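What the coordinates show
Residue-level listing of the chains:
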Amino acid sequence: MWAEESVFYQIYPMGFVGAPFENTGENTQGASITKVKDWIPHMKKLGINAIYFSPVFESDTHGYNTRDYRQIDRRLGSNTDFKELCATLHEQGIKVVLDGVFNHVGRGFGPFEDVLRNRENSPYVSWFYRIAFDGDSAYHDGLWYEGWEGNYDLVKLNLRNEDVIQYLLESVGYWIEKFDIDGLRLDVAYSLDENFLRRLRGYCDSKKQDFFLLGEMLHGDYNRLMNQEMLHSATNYECYKGLFSSFNSMNMFEIVHSLLRQFGPENWTLYKGKHLLSFVDNHDVTRVASILQNENHLPLIYALMFGMPGIPCVYYGSEWGFKAEKSQGDPALRPCFDAPQWNDLTEFISKLAEAKKHSNALNYGSFRSVLLTNKQCIFERKTEGERVLVAINADSNAFSAHFDAGCGKAIDLISGKEHDFGGGSELPAYSAYFWKCER
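Here goes a summary of the coordinates provided. Please read these numbers as outputs of a predicted model, since none were measured by experiment.

Counting its secondary structure elements, the protein contains 13 helices and 23 strands. Taken across its 439 residues, the protein has 58% of its residues classed as buried. The long-range fraction of contacts in the protein, counting pairs at least 24 apart against all pairs at least 6 apart in sequence, stands at 67%. Accessible surface, the protein: about 17,400 Å² in total, of which carbon and sulfur atoms supply 46%.

This paragraph deals with empty space enclosed by the protein. Scanning the model with the defined rule gives two cavities of 30 Å³ or more in all. Size it by volume and the largest cavity reaches roughly 90 Å³. Looking at the largest cavity, the residues that line it are Gln 10, Tyr 52, Arg 185, Leu 214, Thr 235, Tyr 237, Leu 277, Phe 279, Asp 281, Asn 282, His 283 and Cys 313. The wall of the second largest cavity is formed by Phe 57, Leu 98, Phe 102, Ser 171, Val 172, Trp 175, Ile 181 and Leu 184. Sort the elements by how many residues they give to the lining of the second largest cavity and helix 5 (residues 162-179) lands first, with three residues. When grouped by side-chain class, the residues that make up the lining of the second largest cavity number seven nonpolar, one polar and no charged.

Here we take up the packing of aromatic side chains. With the rule as written, the count across this model stands at 39 aromatic pairs. Ring geometry for Phe 8 against Phe 212: centres 6.0 Å apart, planes inclined by 45 degrees, an arrangement best described as tilted. Of the two residues, Phe 8 sits in strand 1 (residues 8-11) while Phe 212 sits in strand 12 (residues 212-215), which places them 204 residues apart along the sequence. We note that Phe 8, like Phe 212, is buried. Ring geometry for Phe 57 against Trp 175: centres 5.0 Å apart, planes inclined by 25 degrees, an arrangement best described as stacked. Here Phe 57, found in strand 3 (residues 57-59), pairs with Trp 175, found in helix 5; they are 118 residues apart in sequence, far enough to count as distant. In this structure, Phe 57 and Trp 175 share a single accessibility class: buried. Sitting over the face of the ring of Phe 16, Lys 35 holds its NZ or CZ atom 4.9 Å from the ring centroid.

A separate point is the environment of Val 288. The residue Val 288 is located in helix 9 (residues 288-291) in this model. Through-space distance from the C-alpha of Val 288 to that of Pro 111 is 40 Å; in sequence the pair is 177 residues apart. With sequence-adjacent residues up to four places away left out, Val 288 is seen in contact with Val 280, Asp 281, Leu 298, Ile 301 and Tyr 302.

Turning to the sheet that holds strand 1, a few remarks are in order. The strand order across the open sheet formed by eight strands is 13-12-11-5-2-1-15-14, and the pairing between neighbours is parallel. Here the strands that pair on one side only, and so sit at the sheet edges, are strand 13 (233-234) and strand 14 (277-278). Alignment of strand 2 (residues 50-53) against strand 5 (residues 95-100), held across four bridges, turns out to be parallel. What sits directly across from Ile 51, in strand 5, is Val 96. Strands in contact with helix 2 (residues 36-46) are strand 1 and strand 2; relative to strand 1, the strand with the most contacts, it is inclined by about 150 degrees.

Criteria and cut-off values
Residues numbered from 1 in each chain as written. Predicted model: local features only at pLDDT ≥ 70, side-chain atom pairs only at ≥ 80, totals over all residues. Heavy atoms only, no water. Helix = DSSP H or I, 4+ residues; strand = E, 2+ residues; numbered from the N terminus. Buried < 20%, exposed > 50% of the residue type's maximum accessible area, 1.4 Å probe, protein only. Contact = heavy atoms within 4.5 Å. Areas by Shrake-Rupley, 256 points an atom, 1.4 Å probe, with all protein chains shown as cover. 1 Å grid on protein atoms, 1.4 Å probe; cavity = no way out; pocket = protein on both sides within 12 Å on 5 of 7 lines; lining within 4 Å. Points joined across faces, edges and corners; volume = space filled by probe spheres on them. Nonpolar A, V, L, I, M, F, W, Y, C, P; charged D, E, K, R; others polar. Phe/Tyr/Trp six-rings, centres within 6.5 Å; stacked < 30°, edge-to-face > 60°. Lys NZ or Arg CZ within 6 Å of the ring centre and 35° of its normal. Pairing = 2+ DSSP bridges. Axes fitted to C-alpha atoms, helices over the stretch in contact; angles between N-to-C directions.

Geometric descriptors of this kind do not, in isolation, establish any biological role.
Here it is in structure tokens:
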């Protein structure tokens, strides 16, 4: 599938265009999703060939409280604007993945507003997971309903109601047929009804070949939803934590242990041959440049992410080291930039992206740990026709790596320079290599 050989770029559209937080029902002047067109040269130079857009559907506020699944949020422009953007992205070889928020809706969702007006007489009562007319919510509507994780602005849908299922499937079909989207990232996939996911997978497979379904998974066994009947991929939150923690604690054993558990050579490993979405930050967490205690580790954490098994995803702004902390609130994590920036980090990530996209071993190879200390790691990615050694030195001192490389010479896919293992493997301070072994 195309996603397995892609480098993703995540954009949070509401923040990206500087849209107001509240949707007042009026069109916003000056803010438009078409701003993404101006960033296409930057993304191409960075090596991006797929975009994951956080919510774009009409919503009450932040996008995850949907009002209308078949309209672009008026704060982002119009359906015509977005259709033109999708066409332009596809012309530039960039796939489009949208956020599918199907577990819950906003209070401004038409069928829920009908329930508030007509109560027991509404034909939409059964559209929602649980509604009790003898209760109340934090909004004091004179009825109780289930809000996702206690958030009453997020009204939980009844995904076992056939009318709801058909409405959502037809909405997905609309975006495939009219906008030619290439996939969906399913919000809080771990909360979704499994039978609904099976229906969604079958429907999408029938609509478009290689349509990509990615699920937001935080914990547990991702195989519960990531399988032949449901999702193609899941967000690798286990390794998200391990990536930055390994650098901050100077303990590479943590991340390598997770990678061996997920992808190692043993028969019991969890996700061998599967492609999880790898990331160092996103719209919900502190920016990685603010998490890492040593700024010299910033290029290295990206090298590790691009070198490990998975589909790498870069969050807009983080490629040049933008800082923001979760404690500052969501607006700080989801800003509007006048224009993209380019610096040494961006240049380095662009080289990682090109190496990843054009390496069969980095896209599909097995995973094996070759050398591991607290501050260094070398691991192998291998397919039948290619072998790449990923080497990381997180120490402030150079390190002499003594290991059996299995080949005499190699080409570093990042710098393009030749390396002769016969002369030893000296890893300079704060360095990373993707050595492609020559036979």
